[in-house]
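Here are the chains, one letter per residue:
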Amino acid sequence: MAKIPYRTYLTEEEMPKQWYNLRADMKEQPDPYLNPAILQPLGRDDLLPIFCEELCAQEMNSTDRYIDIPEEVQSFYRIYRPSPLIRAYNLEKALDTPAKIYYQFEGNNTSGSHKLNSAAAQVYYAKQQGLKCLTTETGAGQWGTALSMACAHYGLDLTVYMVRVSYEQKPFRKAVIHTFGADIIPSPSETTEVGRAILKQHPGTGGSLGCAISEAVERAIHTDGCRYVLGSVLNQVLLHQSVIGLESRAAMEKIGEYPDIVIGCAGGGSNLGGLMAAFMKDKLDGTRPNTEFIAVEPASCPSLTRGRYAYDFCDTGHVAPLARMYTLGSDFMPSANHAGGLRYHGMSPVLSKLYHDGYMKAVAVEQTRVFDAAVQFARHETILPAPESAHAIRAAIDEALKCRESGEAKTILFGLTGTGYFDMNAYTSFLEGSMTDYIPTDEDLEKGFATLPTIG
């Protein structure tokens, strides 16, 4: 029997021509968004002041299984896609496991992550609408970088609000974003009303994605010819990121493989939702009912494993719509650790619903265990992973070790969402032994739950 290659690539002709809309196959739909002013279900028109018109339509679309990828976006994708499916032979050998470990590598672009898949689409639709500028938030900086790349390609101005602690941890992200012509502001800031209010309530805070979202939305609403775009959580983002799973599934078919376990890091849900979409379809329709899906989140921000399934504001300033999701409360301020883009208080409504209904599992892992896995992976597979990606690596290693104990030769697929070359302060902290773990107490979490709105 021929050895499975280290890397499996699709041809450009084999790349997806359509995005897959997972909601069309869900047995039950996520609950509707609520208008933050009146706490009643909102429709497409309610979103128009915030998002681009076509993106509003995609956000509310729960019936069309496949949505065509515009040719201009396909052309953009071909700059850096298809992404390789890689067999982690060296890691398998080091773990002495009978498991087969695969990963879909999304770091083959300057942003260093999967985020460009949705950035390309969102900026394209903004350009088609005739908009002149966009605003956004970013946590670890991958989304801000990706969006700056897409805005440079299509010729739109961009303002990025970056979570302050990440802004300070990763000074070179600012240089890259400036290279592509965008502006970047550490959040919370004095540039918006909501930013000033957050700073007054939480002096010296390192910020959160919820804070940065509030500032970016306020800036967009008060700027002519401008809209806000989001890099995770939303239905439209999971739709665009479905190219990851579609490519993974097609590549695995080429080599006669199919995963028993699909693993992804989970902050807002864009990477995991995109990776698992094509495989979750098979679970929902009964084709592959036994596939396991594992969301991996930081123990410092455990929205799935310790959060509540409830309606909550998607941002700290309460200007964005409410979603029913697993949440720690919109006022929850995460630890200033190196979990980067996974420090969001809530989770995608789609993933929250699937988790609530028992279609997937979740685990939370401590920071030092994450970086132990990152170093182990780098030494055997030669790619320095982003801290976010290393959460998935940690769980993949743990599952492979279980296979070593049981003797089962399971096939494991995880998402390597990007590279960690802007995270050297974090790696230095781990390697020098100064990195610590933070796990919020039940009392800490209760403070966030106390801010959950009461919905009639």
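Residues numbered from 1 in each chain as written. Predicted model: local features only at pLDDT ≥ 70, side-chain atom pairs only at ≥ 80, totals over all residues. Heavy atoms only, no water.

### Focus on the packing of aromatic side chains
This model, assessed by the stated rule, comprises 16 aromatic pairs. Considering the side-chain rings of Y6 and Y89, the 4.9 Å spacing of their centres and the 65° angle between planes classify their relative orientation as edge-to-face. Of this pair, Y6 sits in the segment before strand 1 (7–8) while Y89 sits in helix 4 (residues 89–95), and the two are 83 residues apart along the sequence. Of the residues examined, Y6 reaches a relative accessible area of 41% and is grouped as partly exposed. Residue Y89 is classed as buried on the basis of its relative accessible area of 15%. Here the aromatic rings of Y326 and Y355 are separated by 5.1 Å at their centres, their planes lie at 75°, and the arrangement is edge-to-face. With Y326 in strand 13 (residues 322–327) and Y355 in helix 14 (residues 349–356), this pair connects stretches of sequence that are 29 residues apart. Since its relative accessible area comes to 10%, Y326 is described here as buried. (Phe/Tyr/Trp six-rings, centres within 6.5 Å; stacked < 30°, edge-to-face > 60°. Helix = DSSP H or I, 4+ residues; strand = E, 2+ residues; numbered from the N terminus. Buried < 20%, exposed > 50% of the residue type's maximum accessible area, 1.4 Å probe, protein only.)

### Remarks on unusual backbone geometry
The linkage connecting R81 with the following residue, P82, adopts the cis geometry, with an omega of 5°. Position of P82 relative to the elements: it lies in the loop between helix 3 (71–77) and strand 4 (85–87). With an omega of 5°, the peptide bond running from S187 to P188 counts as cis. Tracing the backbone shows P188 in the loop between strand 8 (183–187) and helix 9 (193–201). Its identity as a non-glycine residue notwithstanding, T382 has a phi of 70°, on the positive side. Mapped onto the elements, T382 comes out in the loop between helix 15 (367–381) and helix 16 (387–406).

### Examining empty space enclosed by the protein
Applying the stated criterion to the full structure yields 7 cavities of 30 Å³ or more. Within this model, the largest cavity holds a volume of roughly 310 Å³. K115, S232, S270, G341 and L342 are, among the 29 residues lining the largest cavity, the residues nearest its centre. Put simply, the parts of the chain that give the lining of the largest cavity at least two residues each are strand 6 (133–138), helix 6 (142–154), helix 10 (209–221) and helix 12 (270–284). Per-element accounting of the lining of the largest cavity gives the leading share, 3 residues, to helix 12. Its residues assigned to classes, the lining of the largest cavity comprises 11 nonpolar, 15 polar and 3 charged. Empty space within the second largest cavity amounts to approximately 120 Å³. Of the residues contributing to the lining of the second largest cavity, the split by class is 12 nonpolar, no polar and 1 charged. (1 Å grid on protein atoms, 1.4 Å probe; cavity = no way out; pocket = protein on both sides within 12 Å on 5 of 7 lines; lining within 4 Å. Points joined across faces, edges and corners; volume = space filled by probe spheres on them. Nonpolar A, V, L, I, M, F, W, Y, C, P; charged D, E, K, R; others polar.)

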